[in-house]
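Understanding the architecture of this molecule
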Amino acid sequence: MKTSLMVNNNIVPLNDFMQDYVANILWAIVKSFDVSCSNVTICADADEFHIYTDKGEIDISKKDFARQLIESTVKGMLSPLKGIFWFQKITITAKIEQKITVQG
């Protein structure tokens, strides 16, 4: 899994543990909407929160409780990271990297 975090268009490096941890949380969120995908992107700032997958955007605008729960989960996940504040523009992307095996 490869996970990237950008804050105000600046890349924030994540160690392997954080990449896997964040990716697993994002896939659990998406799975709760019965969506299977290989790419998840969350874009958030003080006013907006969007979840995109390779299958399209997940509409959480009509589900206020779900939106609040997901936003709180993502905020809590990022809160220990120094220098990240929720009023900033945050983009998190998680991808499953396909491993190619060669038989010979």
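The present account deals with the structure reproduced in this document. These numbers were taken from a predicted model, which means no experiment stands behind them. (Residues numbered from 1 in each chain as written. Predicted model: local features only at pLDDT ≥ 70, side-chain atom pairs only at ≥ 80, totals over all residues. Heavy atoms only, no water.)

Description of the pairing of strand E6 (residues 90-95)
Here is the rule: Working definition: with a 1.4 Å probe on protein chains only, accessible area under 20% of the residue-type maximum means buried, over 50% means exposed, and in between means partly exposed. Helix and strand assignments come from DSSP, with helices taken as H or I runs of at least 4 residues and strands as E runs of at least 2, each series counted from the N terminus. Any two strands between which DSSP finds at least two bridges are classified as paired.
Within E6, five of the six residues are buried, which leaves the element mostly enclosed by the surrounding structure. The pairing of strand E1 (residues 2-7) with E6 spans six bridges and is antiparallel. Bridging from a neighbouring strand, Met6 pairs with Thr91 of E6. The pairing of strand E3 (residues 39-44) with E6 spans six bridges and is antiparallel. From the neighbouring strand, Asn39 faces E6, where its bridge partner is Lys95.

Looking at the pairing of E3
Pairing analysis gives five bridges linking E3 to strand E4 (residues 49-53), with the strands arranged antiparallel. Bridge assignment links Ile42 to a residue of E4, and that residue is Ile51. Taking the residues that link successive antiparallel strands as the turn, the E3-E4 hairpin has four residues.

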